[in-house]
Structures are given as structure tokens and as C-alpha cells.
Amino acid sequence: IEPLAYHRTAASASESVKQWFAAAWHLSRLIIRQEDDQKLADLYKRRGIAHLKLFHWNDAIADFSKALQLFHADRHSERLSLHQVRADAYAGRAFRSNNLDDWSRAANDCESAAQLARSAGNRIQEARSLQLLLKSQVNADLSSGGMTLV
């Protein structure tokens, strides 16, 4: 079996059964060999999700940031979901470390996602993003006093 085909199949299978470490490993092998930016962006997003599920906040943030750089500006739904999951990663890291800057970064991503949803006329996604924005802002305020809203 051809190595890339093996890693594609293994990555998808690992994701489907929530074997996130294996998924991240196989996706890393695919990232190394991918040259198309849009396919590469999707691989970074998928690996970022695996890292998010493993609570590897820094790796997830790095992968989501790279995917955002690679996705074309007209790919609104992909960019919207990337801002949302990167906000989740920042919030996870902030919750763990009580870092005010990460709560602010999470809030910024939520605001970006809400703007993308609003421009696409997607009220449900806009509402979800605004809800996450509010939660991030409240957590930032509470963290400055040593408390966190879950």
C-alpha cells in the first residue's frame, strides 16, 4: 500500500474512533508531504482538533493559526470554525493557567467568528460566537480576581 494512502486511511479511521494521538501522528505524516495550501490547511485544522481533544493547547493553537494563514479569505465557513476552535484552545489554556492574555485571545477569536457569521448571514453561528465571546470576557474579568467561570 502506498504510504500516503495508508496515512490518509489511518488518520480518518483514528479520528472516527477518537484515537486522537494516532490521528495527530498520521496527520503529521500527511502534512510533511502535502503541497496544496488548501489541503494543507485542512490537515492542520484536523491535527489541531486532535491536539485540542488531547488538551495539547499550544499545539492546537499553532495548528489552527497555521490553517487560518493558509485558507483563502473567501472560505468563510472554514475560517469561522477555525476561529471558534482556536478560541476553545485559548480558553482551555487560559483555564488551566489562569492567563488573562489567553482569555483575551479567545475573546478576539470569538469576535472574528461572529463577524464572519454575520457577513455570511448565519445567525446561529453568530449567536454561538457571541455567547463564547461573552463567556471569554467574563472569565477574563473573573481571572483578574483569581476566579473562573466554567
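Predicted model only: the values in this text are computed from it and were never measured.

In this section: helix α2 (residues 20-33). Between its first and last C-alpha atoms α2 spans 20 Å; for 14 residues at 1.5 Å apiece the expected length is 20 Å, and the two agree. Residues W20, A23, A24, H26, L27, S28, L30 and I31 constitute the buried set of α2. Contacts made by the buried residues of α2 are with α1 (3-16) and α3 (37-53).

Here we come to the nonpolar core. Of all hydrophobic cores here, the largest spans 27 residues; its most connected members are Y44, L52, F64, L82 and A89. Those elements that place two or more of their residues in this core are α2, α3, α4 (57-70), α5 (76-97) and α6 (100-120). Other than its neighbours up to four places away in sequence, Y44 contacts I31, D63, K66, A67 and L70.

So, about α6. The terminal C-alpha atoms of α6, which comprises 21 residues, lie 31 Å apart, in line with the 30 Å expected from a rise of 1.5 Å per residue. Within α6, burial applies to D102, W103, A106, A107, D109, C110, A113, A114, L116 and A117.

The rules we used
- Residues numbered from 1 in each chain as written.
- Predicted model: local features only at pLDDT ≥ 70, side-chain atom pairs only at ≥ 80, totals over all residues.
- Heavy atoms only, no water.
- Helix = DSSP H or I, 4+ residues; strand = E, 2+ residues; numbered from the N terminus.
- Expected span 1.5 Å × (residues − 1).
- Buried < 20%, exposed > 50% of the residue type's maximum accessible area, 1.4 Å probe, protein only.
- Contact = heavy atoms within 4.5 Å.
- Core = buried A, V, L, I, M, F, W, Y, C linked by side-chain atoms within 4.5 Å.

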